[in-house]
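If you want the building blocks of each chain, they are given just below.
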Amino acid sequence: MHLEFKVEGGDFSNAGSASSQIKRVLKQLNIDPSVIKRVVVALYEAEVNIVAHAYRGRIDAYISSSGIVLKLEDEGPGIPDVGKAMTKGFSTASKEVREMGFGAGMGLPNISDNSDVFTIDTIVGKGTSLNIEIKFR
Amino acid sequence: MIVKDVVEKLNLEIFSAPEGVDRVVTGGYTSDLLSDVMGHAREGQIWITLQTHKNIMAVATLKDLAAIILVKGFKPESDTLEASLAEGIPVLGSDLEAFELSGELFNILK
């Protein structure tokens, strides 16, 4: 099964809508609730990252009997230092975004903690692609 | 203990989704950082925060939280209320600060 979502940069009012739709689909497929929880945390953080940092992006979710693959591609500033970005507590989010309770430097670590495979490809000035894989067993 | 018992014992205001007050409360989590709540809150907990915008409902829904309590007399924004109604997860309010409210909730749940 393939699901596709568009994400607009700065549109916080819709942040989390892809995550909640995927959650619903996984529930219907009777996926183990503990796995759904991990998918939801990882995808929400990745979705919010596009909203908070990029201009726009898209999410492709591929669901099979063995697991889910999430590909998030954005047009945005890219990440100059991925190692730093992966450090808990490090964030480049704006003051406004931080005041909303985002940008605490926990997003990428949360994705990493909840996924079986997590890779970041980024080009500064162009955009960032995430590949997140979570197995169902 | 259910949400309704917490509302009565802590003298909370119900801003929205009163139909959700029969939900069982498994614990509490206090934080104003959404990623912290995403990463560490657990299903059935009550979330204590001063954030009032709509994204708190996205987090509460995705994490299957029992309710949200806004501290220090803060009121939810209108689209937060709409999302709360749609999801059936109550947004509650208290005049207490997060520290005091967390202490009271801890005491009645322990």
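As the structure is a prediction and not an experimental result, all values here were calculated from the model. Each chain carries its own residue numbering, running from 1 in the written order of its sequence. Chain letters and ligand numbers both follow the written order, the letters beginning at A and the numbers at 1. A pLDDT threshold of at least 70 governs which residues receive local features in this predicted model, and a stricter bar of 80 or more applies before side-chain atom pairs are shown or counted, although totals over entire chains, interfaces and linings include all residues. Heavy atoms from the whole structure form the basis of all side-chain values; hydrogens and water molecules are not counted.

### Structural notes on the overall build of chain A
- Note on conventions: DSSP H or I runs of at least 4 residues are helices, E runs of at least 2 residues are strands, and numbering of each starts at the N terminus. A count of helices and strands for chain A gives five helices and five strands.
- Along the chain direction, N to C, the helices and strands of chain A fall in the order β-α-α-β-β-α-α-α-β-β.
- Computation of the radius of gyration draws on C-alpha atoms alone. For the globule rule, the value is 2.2 Å times the number of residues to the power 0.38. In terms of overall dimensions, chain A is globule-like: its C-alpha atoms have a radius of gyration of 14 Å, near the 14 Å expected for 137 residues.
- Along the first, second and third principal axes, the C-alpha set of chain A runs to 40 × 30 × 25 Å.

### Observations regarding the packing of aromatic side chains
Residues and elements named next belong to chain A.
- Two aromatic rings, drawn from Phe, Tyr or Trp (for Trp, its six-membered ring), form a pair once their centres lie within 6.5 Å of each other, and the interplanar angle then sorts them: stacked below 30 degrees, edge-to-face above 60, tilted otherwise. Taken as a whole and judged by the stated rule, the model has one aromatic pair over all chains.
- Consider the rings of F12 and F102, whose centres lie 5.1 Å apart with planes at 25 degrees: the pair is stacked. One end of the pair, F12, is in the loop between β1 (2-8) and α1 (17-28); the other, F102, is in the loop between α4 (95-99) and α5 (107-114), and 90 residues separate them in sequence.
- Owing to a relative accessible area of 13%, F12 belongs among the buried residues under this scheme. The cut-offs for exposure are 20% and 50% of the maximum accessible area for each residue type, with area from a 1.4 Å probe on protein chains only; residues under the lower value are buried, those over the upper are exposed, and the others partly exposed.

### Comments concerning the nonpolar core
- By size, the foremost hydrophobic cluster in this structure holds 59 residues, and its most contacted members are A:I22, A:Y44, A:I68, A:L70, A:L72 and A:I132.
- At 12 residues, helix α2 (residues 33-53) of chain A tops the list of elements feeding residues into this core.
- By size, the runner-up hydrophobic cluster in this structure holds 16 residues, among which are B:V3, B:V7, B:L12 and B:A67. Among the buried residues, those of types Ala, Val, Leu, Ile, Met, Phe, Trp, Tyr and Cys that are joined through side-chain atoms within 4.5 Å form a nonpolar core.

### Some words on the interface of chain B and chain A
- The interface of chain B with chain A comprises 19 residues on the first partner and 22 residues on the second.
- Each partner contributes to the roughly 1,600 Å² buried at the junction of chain B and chain A, and carbon and sulfur atoms together form 56% of this total.
- Counting the surface chain B buries against chain A, the share from its top three residues, B:S35, B:N55 and B:L62, is 37%.
- When a carboxyl oxygen of Asp or Glu is within 4 Å of a side-chain nitrogen of Lys or Arg, the pair counts as a salt bridge. The tally of links between chain B and chain A comes to two salt bridges.
- The partner of B:D64 in a salt bridge is A:K23, and the shortest N-O contact between them spans 3.0 Å.
- Polar contact criterion, stated in full: a pair of N or O atoms within 3.5 Å, where within protein one must be able to donate a hydrogen and the other to accept it, and residues adjacent in sequence count only if both atoms are side-chain atoms. For the pair chain B and chain A, the number of links is 11 residue pairs in polar contact (both at pLDDT 80 or more).
- For the side of chain B that touches chain A, the elements supplying multiple residues, two or more each, are α2 (34-40) and α3 (55-62) of chain B. By the convention used here, residues are in contact when the closest approach between their heavy atoms is within 4.5 Å. When two parts are brought into contact, each loses some accessible area as probed by a 1.4 Å sphere; the total of that loss over both is the buried area.

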